[in-house]
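Each chain, written out:
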Number of protein chains: 2
Amino acid sequence: MNPSEQGYPVPDVVIVGAGFGGLYAARALEDAEIRITVIDCHNYHLFQPLLYQVATAGLSPSDIAYPIRATFSQQKNTRVILAEAIGIDAKSHKVILRDGELSFDYLILATGARHSYFDHPEWENYAPGLKSVDDAIEVRRRILLAFERAERETDEAKRQALLTFVIVGGGPTGVELAGAIGEIACKVMSEDFRNINPCQARIVLVEGGPRVLPSFPEDLSAKAEASLRKLCVEVRKSSPVTSIHLGGVVIGNEQIPAATIIWAAGVKASPLAQSLGVPLDRAGRVLVEPDLSIPGHPEVLVIGDLAAFVHQTGKPLPGLAPVAIQQGRHAAKNILRSCRGLPYQPFRYVERGALATIGRAAAVADFGVIKISGFFAWIAWLLVHIFFMIGFRNRFIVMFEWAWEYITFQRSSRLITGNEHGPLP
Amino acid sequence: MNPSEQGYPVPDVVIVGAGFGGLYAARALEDAEIRITVIDCHNYHLFQPLLYQVATAGLSPSDIAYPIRATFSQQKNTRVILAEAIGIDAKSHKVILRDGELSFDYLILATGARHSYFDHPEWENYAPGLKSVDDAIEVRRRILLAFERAERETDEAKRQALLTFVIVGGGPTGVELAGAIGEIACKVMSEDFRNINPCQARIVLVEGGPRVLPSFPEDLSAKAEASLRKLCVEVRKSSPVTSIHLGGVVIGNEQIPAATIIWAAGVKASPLAQSLGVPLDRAGRVLVEPDLSIPGHPEVLVIGDLAAFVHQTGKPLPGLAPVAIQQGRHAAKNILRSCRGLPYQPFRYVERGALATIGRAAAVADFGVIKISGFFAWIAWLLVHIFFMIGFRNRFIVMFEWAWEYITFQRSSRLITGNEHGPLP
């Protein structure tokens, strides 16, 4: 039954963004007598940790995307709106949409982050990032098309540039992408061409800092790097990119001609944060209070990648799904407390570990006291990712696809769509 | 081993188009000492009979598409080229590509057909057809977005137009699409909205002729129509469309306001046929000789939807996968005969039946003496479609998706991608 039919005022909770934070917040309010509105500019929740597998032809978009509407079809206090929020008017308690507005009593803002090119927005044309389904399809198109073009190219230098893939950024996404491209080249497509040998592809992972996976312990970084080298990935550390242009990158003074360049370096919070009129950090994230609210407006809570929560370690918590999930649940709990006249409680992140995978049967896992790498870390990685997916069907399909890939070395989504004959890059 | 290394001239067979015809032709030449080049403007073979399921969110594109390159990775006499053929120079034995050309000794032309709007090319903007993966994603976007927009629309007339879906053309594709949209509205999404009842969607199937499925026996047409009515599809027979415009169609003098219009009426052969300089029929198909070659150029064979083969019944054979497959194999056989100095043999189509499905557990099947409808026809439809798919993985996933849909009434690919906020239509 619609709570508003019960004759007393029911608070309106608006949740903007149905990523991990927003979704878990809405679910935590399932049994409450409130009216929830979930707004997202996509009609699906995206399992972003596996987006790189869509970009590398291992999974289909629908394997890692789940209709938001279907998630809440049985949660009758919740409605879902496909709309783009373009601003927040905190004073008058309104979310400004591109085509309208919406009032709230409580607001949970969870619109996440996009990739950022720092002071070089022009690099985006040459080096797409990886945050949305459309990004992933574009990266997949570029990777597969580069091999196709190389097969037909007769000029040796041009062919080598077509077979060169540069990934900028040595965090988990960069490492996972580089490993996956190494596998495609050396294992998946090894027998598919007649004029080129895909194994001769040059895959360069460029990291500005002194090691890959900088958020992991040093020994796991070293193990990840060794696994990457086994997949013929060239790892360039302490190598800031000085230029990205049509057909290549410059590292220091060295020019690397490359048809495919992928950006996995910086992220910037969603621009919606700016409309709040509260202090942001350098990455555009909202410096939230210990209880996840914003200064001066306790009814507005910010969670996930959009929030810079610095009250635990002095540094912002990392932009990971577990942080967003815990914050989403906590924000919901605080709203429920407030409805009952109780004060908000401060948030505390419980770290359960971090994982990154580097191709077939190789991963690193940091569970605090236990640090593992190799096959068992990979199994842990698989299980954790399956566990956090939404929907039995997606879990089953993803498990099947992984088993299939593992046994056959094939990848199921090798489709060039959107613009088969479009430019590269 | 590459046949050319064996020291005597090896014929070059070029196959343009890797649909059913081209693919089966290339496979039939697997053991021959010839050099085969397969050209396609996509990097995948598309299982077109199930394209309507991608358009209606039941399957992912990669479930019905298989990389052409992977198909031939072990067939060492065959190379695959991703390229767009824009003309044939039959006299000088050349295929003209957008970016080059290619010589042949034998050519198999199998580039199929696109939808045609007869004398109204402007209708394409308002009523997309369904021939490629990109078409299917666009149709899916329009269908899902119409429900999303309807949920937020407050004007009753506009809402009704958003919930009206018109399918033009009562052949198998139109019938299958109408049935699938009926299911989505009444079963899949029935609990997902708060302001609209998706079951109130109006689905109109418009057929110019006196019955749906005109190529089937009359009693099966009647049964298909009854099944459609059960899914709340309005069937309008003998109703030629007189106008399609932004926001609606006109049938006779009746105006039907509709946000989503899908074209499943006419097809026209690929324009490549025109460059051959031989007689074409009204749909632009090549009037082939009894042996599938073109007049004056026995080394050029045309098969599948691009060919009008009139030597068996006086009418062209229908544009179905079995026709293309049998013609592909026959063209290959004729080329092998010619290599051995033997004359071509005439082609003869062996009809094994026709099938069409109308939603959940309903189909019609015409196997000549045996005509069935309902559940068993549906099972036959499932099995035949699974059998003709390429690759175990695709077969398995499609079977799983169908079983999942059957049990849960869910559809797995309810994603609006490409242009979430784009215009409708």
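Please refer to the structure higher up on the page.
Residues numbered from 1 in each chain as written. Chains lettered and ligands numbered in written order. Predicted model: local features only at pLDDT ≥ 70, side-chain atom pairs only at ≥ 80, totals over all residues. Heavy atoms only, no water.

K.L.:
I tried to follow the environment of valine 241 of chain A on my own but got confused; where do I start?
P.N.:
Residue and element names in this part refer to chain A. Tracing the backbone shows valine 241 in strand β14 (residues 241-245). Considered as a pair, valine 241 and glutamate 254 are 13 residues apart in the sequence and their alpha carbons are 9.7 Å apart. The residues contacting valine 241, other than those within four sequence positions of it, are Trp123, Val168, Val206 and Val250. (Helix = DSSP H or I, 4+ residues; strand = E, 2+ residues; numbered from the N terminus. Contact = heavy atoms within 4.5 Å.)

K.L.:
What am I meant to see in the interface of chain A and chain B here?
P.N.:
For interface size, the figure often reported is the accessible area lost on association. Contact residues are listed per partner, giving 52 residues for chain A and 52 residues for chain B. Between chain A and chain B, the buried area comes to about 4,700 Å², and carbon and sulfur atoms account for 53% of it. Sorting the residues of chain A by area buried against chain B places Arg69, Arg152 and Arg194 of chain A first, and these three jointly supply 16% of that buried surface. Here chain A is connected to chain B by eight salt bridges. For arginine 69 of chain A, the salt bridge goes to glutamate 148 of chain B, with nearest N and O atoms at 2.7 Å. When residues of the side of chain A that touches chain B are traced back to their parent elements, those giving at least two are β4 (65-67), α3 (68-71), β5 (78-82), α4 (133-152) and α10 (392-408) of chain A. (Buried area = accessible area lost by both parts, 1.4 Å probe. Salt bridge = Lys/Arg side-chain N within 4 Å of Asp/Glu carboxyl O.)

K.L.:
For this particular structure, what's the right way to read the pairing of strand β13 (residues 233-236) of chain B?
P.N.:
Within a regular strand, side chains alternate between the sheet's two faces. All names here are of chain B. Along β13, the buried face is formed by Val233 and Val235; none of Glu234 and Arg236, which line the opposite face, is buried. The pairing of strand β12 (residues 202-206) with β13 spans four bridges and is classified as parallel. When the sheet's bridge partners are listed, leucine 205 is paired in β13 with valine 235. (Buried < 20%, exposed > 50% of the residue type's maximum accessible area, 1.4 Å probe, protein only. Pairing = 2+ DSSP bridges.)

K.L.:
For this particular structure, what's the right way to read the pattern of salt bridges?
P.N.:
Oppositely charged side chains can pair when the atoms bearing their charge come close. Residue and element names in this part refer to chain B. Tallied over the entire structure, the rule returns 44 salt bridges over all chains. Measuring nitrogen to oxygen at the nearest pair gives 3.7 Å for the salt bridge that ties lysine 94 to glutamate 101. Accessibility expressed as a relative area gives 23% for lysine 94, which makes it partly exposed. The closest approach of N and O atoms between aspartate 281 and arginine 285, which form a salt bridge, is 3.0 Å. Just as aspartate 281 is buried, arginine 285 falls in that class too.

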